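These are the residues of each chain, in order.
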Amino acid sequence: MYDYLIIGHGLAGAIISQRLLERGQKIMVLDQPDSNHSSVVAAGLFNPITGRKMFKTWNADSLFPEVIKFYPRLEQILGAKFFHPIGIYRPYAAIEDQNDWEAKRSDPKFNPYIDRTSTSRITSHKLNDPSGGLFLKQAGYVNIVKLLNANKKLLIDKGSYQEIMFYEKDLMFHKEHLSFGDLKFKKIIFCNGIMAQKSQWFSWLPFHPVKGEIMDIELDRRPETIYNRGVFILPFDDQSVRVGSTYQKNFENLEPTEAGENELKEKLSGLLNEAYTIKGSRAGIRPATKDRRPFIGKHPDNEHIYVFNGFGSKGVSLIPQCSKLLTAHLLDGAALDTEISISRYYSNYPTELKK
Ligand SMILES: Cc1cc2nc3c(=O)[nH]c(=O)nc-3n(C[C@H](O)[C@H](O)[C@H](O)COP(=O)(O)OP(=O)(O)OC[C@H]3O[C@@H](n4cnc5c(N)ncnc54)[C@H](O)[C@@H]3O)c2cc1C
(Lines give C-alpha, C1' and ligand atoms only; values in the text may rest on other atoms or scores of the structure.)
Protein backbone atom coordinates (compact mmCIF):
# COMPACT_ATOMS: atom_id res chain seq x y z
CA MET A 1 0.00 0.00 0.00
CA TYR A 2 1.37 3.43 -0.97
CA ASP A 3 0.96 6.45 1.27
CA TYR A 4 0.59 8.78 -1.74
CA LEU A 5 -0.21 8.44 -5.43
CA ILE A 6 1.10 11.52 -7.27
CA ILE A 7 -0.41 12.36 -10.66
CA GLY A 8 2.02 14.26 -12.91
CA HIS A 9 5.79 14.55 -12.99
CA GLY A 10 6.27 18.17 -13.93
CA LEU A 11 8.21 20.39 -11.53
CA ALA A 12 5.37 20.23 -8.97
CA GLY A 13 5.08 16.42 -8.96
CA ALA A 14 8.86 15.95 -8.94
CA ILE A 15 9.50 18.25 -5.99
CA ILE A 16 6.59 17.06 -3.84
CA SER A 17 7.75 13.48 -4.52
CA GLN A 18 11.17 14.36 -3.04
CA ARG A 19 9.67 16.08 -0.01
CA LEU A 20 7.53 13.03 0.77
CA LEU A 21 10.37 10.55 0.21
CA GLU A 22 12.52 12.58 2.59
CA ARG A 23 9.84 12.12 5.23
CA GLY A 24 9.87 8.33 4.75
CA GLN A 25 6.58 8.13 2.80
CA LYS A 26 5.91 5.36 0.31
CA ILE A 27 4.95 6.99 -2.98
CA MET A 28 4.11 6.20 -6.60
CA VAL A 29 4.30 8.84 -9.35
CA LEU A 30 2.28 8.44 -12.57
CA ASP A 31 3.07 10.63 -15.55
CA GLN A 32 1.97 10.72 -19.15
CA PRO A 33 4.49 13.11 -20.68
CA ASP A 34 2.71 13.37 -24.06
CA SER A 35 0.20 15.96 -22.87
CA ASN A 36 1.12 19.64 -22.33
CA HIS A 37 4.12 19.79 -20.10
CA SER A 38 4.75 23.34 -19.04
CA SER A 39 7.89 22.40 -17.08
CA VAL A 40 9.70 21.06 -20.15
CA VAL A 41 9.16 24.27 -22.15
CA ALA A 42 9.88 26.71 -19.31
CA ALA A 43 13.07 28.76 -19.26
CA GLY A 44 13.32 28.10 -15.52
CA LEU A 45 14.09 31.66 -14.40
CA PHE A 46 13.83 32.72 -10.79
CA ASN A 47 13.79 36.46 -10.35
CA PRO A 48 13.02 38.41 -7.15
CA ILE A 49 12.33 41.76 -8.90
CA THR A 50 9.93 41.49 -11.82
CA GLY A 51 7.62 43.37 -14.14
CA ARG A 52 7.77 46.68 -15.94
CA LYS A 53 7.64 48.55 -12.63
CA MET A 54 10.29 46.33 -11.02
CA PHE A 55 8.24 45.19 -8.04
CA LYS A 56 9.49 42.69 -5.51
CA THR A 57 7.96 39.27 -6.21
CA TRP A 58 5.09 38.28 -3.90
CA ASN A 59 6.43 36.65 -0.73
CA ALA A 60 10.04 36.93 -2.00
CA ASP A 61 11.57 36.97 1.48
CA SER A 62 10.28 33.52 2.25
CA LEU A 63 10.43 32.04 -1.29
CA PHE A 64 13.94 33.00 -2.34
CA PRO A 65 15.93 31.77 0.69
CA GLU A 66 14.18 28.41 0.15
CA VAL A 67 15.10 28.45 -3.58
CA ILE A 68 18.77 29.05 -2.70
CA LYS A 69 18.71 26.29 -0.09
CA PHE A 70 16.52 23.69 -1.80
CA TYR A 71 17.91 23.26 -5.33
CA PRO A 72 21.60 22.74 -4.37
CA ARG A 73 20.44 20.12 -1.84
CA LEU A 74 18.35 18.43 -4.53
CA GLU A 75 21.40 18.47 -6.83
CA GLN A 76 23.28 16.51 -4.16
CA ILE A 77 20.46 14.00 -3.72
CA LEU A 78 20.03 13.48 -7.48
CA GLY A 79 23.73 13.73 -8.42
CA ALA A 80 22.97 16.20 -11.23
CA LYS A 81 23.76 19.85 -11.96
CA PHE A 82 20.74 21.99 -12.83
CA PHE A 83 20.82 25.04 -10.52
CA HIS A 84 22.44 28.15 -12.03
CA PRO A 85 22.26 31.24 -9.78
CA ILE A 86 24.04 33.35 -12.43
CA GLY A 87 22.21 36.59 -11.60
CA ILE A 88 20.20 38.95 -13.78
CA TYR A 89 21.21 42.28 -15.32
CA ARG A 90 18.22 44.60 -15.59
CA PRO A 91 18.94 47.77 -17.66
CA TYR A 92 17.30 50.93 -16.32
CA ALA A 93 14.36 52.21 -18.37
CA ALA A 94 15.21 55.85 -17.57
CA ILE A 95 18.00 57.89 -15.99
CA GLU A 96 15.81 58.54 -12.88
CA ASP A 97 16.11 54.83 -12.07
CA GLN A 98 19.76 55.38 -11.14
CA ASN A 99 18.93 57.45 -8.02
CA ASP A 100 15.93 55.33 -7.21
CA TRP A 101 17.86 52.06 -7.14
CA GLU A 102 20.91 53.62 -5.47
CA ALA A 103 18.58 54.49 -2.57
CA LYS A 104 17.00 51.02 -2.59
CA ARG A 105 20.44 49.41 -2.20
CA SER A 106 20.46 50.40 1.47
CA ASP A 107 16.77 49.56 1.98
CA PRO A 108 16.54 46.20 3.83
CA LYS A 109 13.49 45.38 1.69
CA PHE A 110 15.58 45.31 -1.51
CA ASN A 111 19.16 44.97 -0.28
CA PRO A 112 19.23 41.10 -0.19
CA TYR A 113 18.46 41.01 -3.92
CA ILE A 114 20.79 43.73 -5.22
CA ASP A 115 24.27 42.61 -6.15
CA ARG A 116 25.45 45.95 -7.56
CA THR A 117 24.35 48.84 -9.75
CA SER A 118 25.93 50.44 -12.80
CA THR A 119 25.45 54.02 -13.99
CA SER A 120 26.98 53.33 -17.39
CA ARG A 121 26.51 50.76 -20.14
CA ILE A 122 27.91 47.30 -19.67
CA THR A 123 30.42 46.32 -22.34
CA SER A 124 29.91 42.60 -22.88
CA HIS A 125 27.01 43.11 -25.33
CA LYS A 126 25.41 45.99 -27.17
CA LEU A 127 22.35 46.47 -25.02
CA ASN A 128 19.89 49.30 -24.92
CA ASP A 129 21.17 50.42 -21.48
CA PRO A 130 22.38 54.03 -21.84
CA SER A 131 21.74 54.72 -18.13
CA GLY A 132 23.28 51.49 -16.85
CA GLY A 133 21.26 49.05 -14.78
CA LEU A 134 20.82 46.80 -11.83
CA PHE A 135 22.55 43.46 -11.15
CA LEU A 136 20.24 41.17 -9.18
CA LYS A 137 21.31 38.30 -6.95
CA GLN A 138 19.29 35.34 -5.63
CA ALA A 139 18.39 35.17 -9.33
CA GLY A 140 19.20 32.81 -12.18
CA TYR A 141 17.65 29.70 -13.71
CA VAL A 142 17.03 26.00 -13.16
CA ASN A 143 17.47 23.55 -16.03
CA ILE A 144 14.12 21.89 -15.33
CA VAL A 145 14.53 19.13 -17.93
CA LYS A 146 17.76 17.96 -16.27
CA LEU A 147 16.10 18.06 -12.85
CA LEU A 148 13.12 16.03 -14.11
CA ASN A 149 15.31 13.45 -15.85
CA ALA A 150 17.44 12.95 -12.73
CA ASN A 151 14.38 12.74 -10.47
CA LYS A 152 12.67 10.29 -12.80
CA LYS A 153 15.76 8.06 -12.73
CA LEU A 154 15.81 8.07 -8.93
CA LEU A 155 12.08 7.27 -8.77
CA ILE A 156 12.45 4.44 -11.30
CA ASP A 157 15.36 3.00 -9.26
CA LYS A 158 13.09 3.01 -6.20
CA GLY A 159 10.19 1.43 -8.12
CA SER A 160 8.18 4.64 -7.59
CA TYR A 161 7.44 5.79 -11.17
CA GLN A 162 5.19 4.60 -13.97
CA GLU A 163 4.78 6.22 -17.35
CA ILE A 164 1.03 5.84 -17.80
CA MET A 165 -2.05 7.98 -18.17
CA PHE A 166 -4.19 8.27 -15.07
CA TYR A 167 -7.95 8.17 -15.76
CA GLU A 168 -10.19 9.55 -13.03
CA LYS A 169 -13.01 7.17 -13.93
CA ASP A 170 -10.72 4.30 -12.82
CA LEU A 171 -10.10 5.75 -9.36
CA MET A 172 -11.85 3.45 -6.89
CA PHE A 173 -12.82 4.20 -3.30
CA HIS A 174 -12.66 1.49 -0.64
CA LYS A 175 -13.29 1.58 3.08
CA GLU A 176 -9.64 1.92 4.12
CA HIS A 177 -7.92 3.01 0.92
CA LEU A 178 -8.18 4.08 -2.75
CA SER A 179 -7.07 2.14 -5.79
CA PHE A 180 -6.19 2.64 -9.45
CA GLY A 181 -5.67 -0.63 -11.30
CA ASP A 182 -3.37 -2.72 -9.11
CA LEU A 183 -2.15 0.32 -7.13
CA LYS A 184 -3.50 0.78 -3.61
CA PHE A 185 -2.87 4.02 -1.75
CA LYS A 186 -4.10 6.17 1.12
CA LYS A 187 -4.11 9.59 -0.57
CA ILE A 188 -3.80 11.04 -4.05
CA ILE A 189 -2.15 14.37 -4.99
CA PHE A 190 -2.99 15.91 -8.35
CA CYS A 191 0.04 17.72 -9.83
CA ASN A 192 -1.38 17.55 -13.34
CA GLY A 193 -0.87 21.15 -14.49
CA ILE A 194 -3.52 22.49 -16.89
CA MET A 195 -5.14 19.05 -17.16
CA ALA A 196 -6.77 19.86 -13.80
CA GLN A 197 -9.19 21.99 -15.79
CA LYS A 198 -10.75 18.81 -17.12
CA SER A 199 -10.79 17.07 -13.74
CA GLN A 200 -14.05 16.04 -12.07
CA TRP A 201 -12.35 16.95 -8.80
CA PHE A 202 -10.78 20.33 -9.44
CA SER A 203 -12.22 21.89 -12.62
CA TRP A 204 -14.24 24.33 -10.46
CA LEU A 205 -11.03 26.11 -9.42
CA PRO A 206 -10.50 29.37 -11.36
CA PHE A 207 -7.56 28.41 -13.58
CA HIS A 208 -6.53 31.05 -16.15
CA PRO A 209 -4.08 29.23 -18.45
CA VAL A 210 -1.60 31.41 -20.31
CA LYS A 211 0.28 30.22 -23.38
CA GLY A 212 3.94 31.16 -23.64
CA GLU A 213 6.47 31.00 -26.45
CA ILE A 214 10.25 30.96 -26.24
CA MET A 215 12.86 31.04 -29.00
CA ASP A 216 16.45 29.87 -29.16
CA ILE A 217 18.91 32.25 -30.80
CA GLU A 218 22.59 32.29 -31.63
CA LEU A 219 24.74 35.28 -30.69
CA ASP A 220 28.42 35.90 -31.52
CA ARG A 221 29.23 35.83 -27.79
CA ARG A 222 27.26 34.06 -25.08
CA PRO A 223 26.20 36.34 -22.19
CA GLU A 224 27.56 35.47 -18.75
CA THR A 225 24.45 36.57 -16.94
CA ILE A 226 20.76 36.86 -17.83
CA TYR A 227 19.66 40.13 -19.45
CA ASN A 228 16.09 41.09 -18.69
CA ARG A 229 13.85 44.01 -19.62
CA GLY A 230 10.58 43.30 -21.39
CA VAL A 231 12.14 40.06 -22.54
CA PHE A 232 14.92 37.85 -21.15
CA ILE A 233 18.10 36.68 -22.86
CA LEU A 234 19.30 33.56 -21.07
CA PRO A 235 22.60 31.73 -21.69
CA PHE A 236 21.33 28.17 -21.17
CA ASP A 237 23.74 25.39 -20.19
CA ASP A 238 23.02 23.38 -23.37
CA GLN A 239 24.89 26.22 -25.18
CA SER A 240 21.70 27.73 -26.58
CA VAL A 241 20.63 31.29 -25.78
CA ARG A 242 16.92 31.49 -24.89
CA VAL A 243 14.67 34.47 -25.41
CA GLY A 244 11.18 34.74 -23.92
CA SER A 245 8.46 34.72 -23.14
CA THR A 246 5.12 35.73 -24.59
CA TYR A 247 1.88 35.80 -22.55
CA GLN A 248 -1.18 34.80 -24.57
CA LYS A 249 -4.49 34.40 -22.76
CA ASN A 250 -6.33 33.43 -25.94
CA PHE A 251 -4.85 30.60 -27.96
CA GLU A 252 -5.92 27.79 -30.24
CA ASN A 253 -3.14 25.24 -29.96
CA LEU A 254 0.15 24.34 -28.33
CA GLU A 255 2.35 25.22 -31.30
CA PRO A 256 4.73 28.19 -31.60
CA THR A 257 3.26 30.84 -33.92
CA GLU A 258 4.56 33.48 -36.30
CA ALA A 259 2.81 36.13 -34.18
CA GLY A 260 4.64 34.85 -31.08
CA GLU A 261 8.01 34.98 -32.84
CA ASN A 262 7.29 38.50 -34.12
CA GLU A 263 6.37 39.63 -30.61
CA LEU A 264 9.64 38.26 -29.22
CA LYS A 265 11.65 39.88 -32.05
CA GLU A 266 9.95 43.20 -31.37
CA LYS A 267 10.64 43.01 -27.63
CA LEU A 268 14.21 41.87 -28.24
CA SER A 269 14.86 44.92 -30.43
CA GLY A 270 14.11 47.06 -27.35
CA LEU A 271 16.88 45.34 -25.38
CA LEU A 272 19.58 44.11 -27.79
CA ASN A 273 21.33 46.04 -30.57
CA GLU A 274 23.17 43.08 -32.10
CA ALA A 275 22.54 40.66 -34.95
CA TYR A 276 21.31 37.19 -34.02
CA THR A 277 20.07 34.04 -35.73
CA ILE A 278 16.85 32.29 -34.66
CA LYS A 279 17.43 28.56 -34.18
CA GLY A 280 13.92 27.43 -33.17
CA SER A 281 10.86 28.09 -31.02
CA ARG A 282 8.76 26.20 -28.50
CA ALA A 283 5.48 26.81 -26.72
CA GLY A 284 3.63 25.60 -23.64
CA ILE A 285 0.71 26.54 -21.42
CA ARG A 286 1.30 27.86 -17.92
CA PRO A 287 -1.08 26.54 -15.22
CA ALA A 288 -1.92 30.07 -14.08
CA THR A 289 -4.74 31.11 -11.74
CA LYS A 290 -7.18 33.98 -11.53
CA ASP A 291 -5.63 35.53 -8.41
CA ARG A 292 -2.05 34.51 -9.36
CA ARG A 293 -1.66 32.39 -6.24
CA PRO A 294 -1.16 28.60 -6.16
CA PHE A 295 -3.93 26.05 -5.67
CA ILE A 296 -2.93 23.79 -2.79
CA GLY A 297 -4.88 21.59 -0.42
CA LYS A 298 -7.62 19.13 0.22
CA HIS A 299 -10.70 18.61 -1.91
CA PRO A 300 -13.74 20.15 -0.13
CA ASP A 301 -15.60 16.83 -0.11
CA ASN A 302 -12.93 14.16 0.11
CA GLU A 303 -10.11 14.02 2.65
CA HIS A 304 -8.07 11.61 0.48
CA ILE A 305 -7.79 13.91 -2.54
CA TYR A 306 -5.32 16.81 -2.78
CA VAL A 307 -4.19 19.32 -5.38
CA PHE A 308 -0.73 20.90 -5.79
CA ASN A 309 -1.02 23.17 -8.80
CA GLY A 310 -1.53 26.71 -10.11
CA PHE A 311 2.13 27.78 -10.14
CA GLY A 312 1.61 29.96 -13.23
CA SER A 313 4.76 31.60 -14.53
CA LYS A 314 6.71 31.17 -11.28
CA GLY A 315 6.93 27.45 -10.58
CA VAL A 316 10.69 27.54 -9.99
CA SER A 317 10.46 30.06 -7.17
CA LEU A 318 7.12 28.94 -5.68
CA ILE A 319 7.34 25.14 -5.63
CA PRO A 320 10.23 24.65 -3.13
CA GLN A 321 8.49 26.64 -0.39
CA CYS A 322 4.95 25.49 -1.26
CA SER A 323 5.99 21.81 -1.28
CA LYS A 324 7.49 22.29 2.18
CA LEU A 325 4.22 23.79 3.42
CA LEU A 326 2.07 21.04 1.86
CA THR A 327 4.30 18.34 3.38
CA ALA A 328 3.99 19.94 6.83
CA HIS A 329 0.23 20.13 6.30
CA LEU A 330 -0.07 16.48 5.29
CA LEU A 331 2.30 14.95 7.81
CA ASP A 332 2.29 17.36 10.77
CA GLY A 333 -1.19 18.83 10.52
CA ALA A 334 0.15 22.38 9.97
CA ALA A 335 -2.45 24.80 8.61
CA LEU A 336 -2.05 26.08 5.06
CA ASP A 337 -2.02 29.84 4.63
CA THR A 338 -5.33 30.96 3.08
CA GLU A 339 -3.42 32.82 0.34
CA ILE A 340 -2.27 29.50 -1.14
CA SER A 341 -4.93 27.11 0.14
CA ILE A 342 -7.83 26.19 -2.14
CA SER A 343 -10.09 26.72 0.86
CA ARG A 344 -10.28 30.35 -0.40
CA TYR A 345 -12.42 28.98 -3.26
CA TYR A 346 -14.49 26.36 -1.42
CA SER A 347 -17.55 28.57 -1.94
CA ASN A 348 -17.11 28.08 -5.73
CA TYR A 349 -17.51 24.32 -5.38
CA PRO A 350 -20.73 23.50 -7.27
CA THR A 351 -23.58 22.41 -4.97
CA GLU A 352 -24.60 19.62 -7.36
CA LEU A 353 -21.19 18.00 -6.78
CA LYS A 354 -21.43 18.21 -2.99
CA LYS A 355 -21.89 14.90 -1.19
C1 LIG B 1 6.90 29.42 -22.26
C2 LIG B 1 6.95 29.21 -20.78
C3 LIG B 1 7.97 29.80 -20.05
C4 LIG B 1 8.04 29.63 -18.68
N5 LIG B 1 9.09 30.18 -18.02
C6 LIG B 1 9.18 30.02 -16.67
C7 LIG B 1 10.28 30.58 -15.95
O8 LIG B 1 11.19 31.17 -16.54
N9 LIG B 1 10.30 30.41 -14.60
C10 LIG B 1 9.32 29.72 -13.93
O11 LIG B 1 9.39 29.61 -12.70
N12 LIG B 1 8.28 29.18 -14.59
C13 LIG B 1 8.18 29.32 -15.94
N14 LIG B 1 7.13 28.78 -16.61
C15 LIG B 1 6.06 28.16 -15.82
C16 LIG B 1 6.44 26.77 -15.36
O17 LIG B 1 6.58 25.96 -16.48
C18 LIG B 1 5.35 26.24 -14.42
O19 LIG B 1 5.15 27.08 -13.32
C20 LIG B 1 5.68 24.86 -13.86
O21 LIG B 1 6.56 24.16 -14.68
C22 LIG B 1 4.42 24.06 -13.66
O23 LIG B 1 4.74 22.76 -13.29
P24 LIG B 1 3.61 21.68 -13.02
O25 LIG B 1 4.32 20.47 -12.56
O26 LIG B 1 2.56 22.27 -12.14
O27 LIG B 1 2.89 21.46 -14.44
P28 LIG B 1 3.39 20.68 -15.74
O29 LIG B 1 4.81 20.96 -16.01
O30 LIG B 1 2.43 21.00 -16.82
O31 LIG B 1 3.30 19.16 -15.36
C32 LIG B 1 2.10 18.44 -15.30
C33 LIG B 1 2.41 16.99 -15.63
O34 LIG B 1 1.27 16.19 -15.38
C35 LIG B 1 1.14 15.26 -16.44
N36 LIG B 1 -0.26 14.83 -16.49
C37 LIG B 1 -1.37 15.60 -16.62
N38 LIG B 1 -2.47 14.83 -16.58
C39 LIG B 1 -2.05 13.55 -16.43
C40 LIG B 1 -2.73 12.29 -16.32
N41 LIG B 1 -4.07 12.22 -16.35
N42 LIG B 1 -2.01 11.17 -16.18
C43 LIG B 1 -0.65 11.23 -16.14
N44 LIG B 1 0.06 12.40 -16.23
C45 LIG B 1 -0.64 13.54 -16.38
C46 LIG B 1 1.58 16.07 -17.66
O47 LIG B 1 1.89 15.25 -18.75
C48 LIG B 1 2.79 16.77 -17.09
O49 LIG B 1 3.91 15.92 -17.17
C50 LIG B 1 7.05 28.89 -18.00
C51 LIG B 1 6.05 28.27 -18.73
C52 LIG B 1 5.99 28.41 -20.11
C53 LIG B 1 4.91 27.73 -20.89
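Here, every reference points to the structure presented above.
Now for a quick tour of the structure. The structure presented is a predicted model; accordingly, all values stated were derived computationally and were not measured.

Focus: the pairing of strand β21 (residues 302-309)
Counting buried positions over the eight residues of β21 gives six, a clear majority of the element. Two strands pair when backbone bridges link them, and strand β14 (residues 183-190) and β21 are joined in this way by three bridges, in the parallel orientation. By the bridge assignment, I188 is partnered in β21 with I305. The pairing of strand β20 (residues 295-299) with β21 spans five bridges and is antiparallel. Bridge pairing in β21 places G297 opposite V307. Here β20 folds back onto β21 in antiparallel fashion, the turn holding two residues.

Observations regarding unusual backbone geometry
Following G244, the chain continues to S245 via a peptide bond in cis, the omega torsion being -15°. Counting through the fold element by element, S245 comes out in the loop between β18 (241-244) and α6 (258-269). Positive phi, close to 65°, is recorded for N59, a residue that is not glycine. Mapped onto the elements of the fold, N59 is located in the loop between β5 (55-56) and α3 (60-78). Unusually for a residue other than glycine, Q239 sits at a positive phi of about 80°. Looking at the element boundaries, Q239 is found in the loop between β17 (232-235) and β18.

Examining the site of the ligand
The local shell around the ligand holds 39 residues, among which D31, Q32, S38, S39 and G312 are the closest. Note that an oxygen atom of the ligand is positioned 3.0 Å from one of the backbone N or O atoms of A12. Contact between the ligand and Q32: an oxygen atom at 2.7 Å from a main-chain N or O atom of the residue. Contact with the protein chains removes 97% of the 1000 Å² of surface that the ligand exposes when unbound. Elements with a minimum of two residues in the shell around the ligand: α1 (11-22), α2 (38-41), β15 (210-218), β19 (277-286) and α7 (315-332). Partitioning the shell around the ligand into residue classes produces 18 nonpolar, 18 polar and three charged. Summarising the domain contributions, the shell around the ligand has at least three residues from each of domain 1 (2-41 + 145-205 + 291-353) and domain 2 (210-286).

Rules and cut-offs
Residues numbered from 1 in each chain as written. Predicted model: local features only at pLDDT ≥ 70, side-chain atom pairs only at ≥ 80, totals over all residues. Heavy atoms only, no water. Buried < 20%, exposed > 50% of the residue type's maximum accessible area, 1.4 Å probe, protein only. Helix = DSSP H or I, 4+ residues; strand = E, 2+ residues; numbered from the N terminus. Pairing = 2+ DSSP bridges. Near = heavy atom within 4 Å. Polar contact = N/O pair within 3.5 Å; in protein donor to acceptor, adjacent residues only side chain to side chain. Areas by Shrake-Rupley, 256 points an atom, 1.4 Å probe, with all protein chains shown as cover. Nonpolar A, V, L, I, M, F, W, Y, C, P; charged D, E, K, R; others polar. Domains from an automatic or database assignment.

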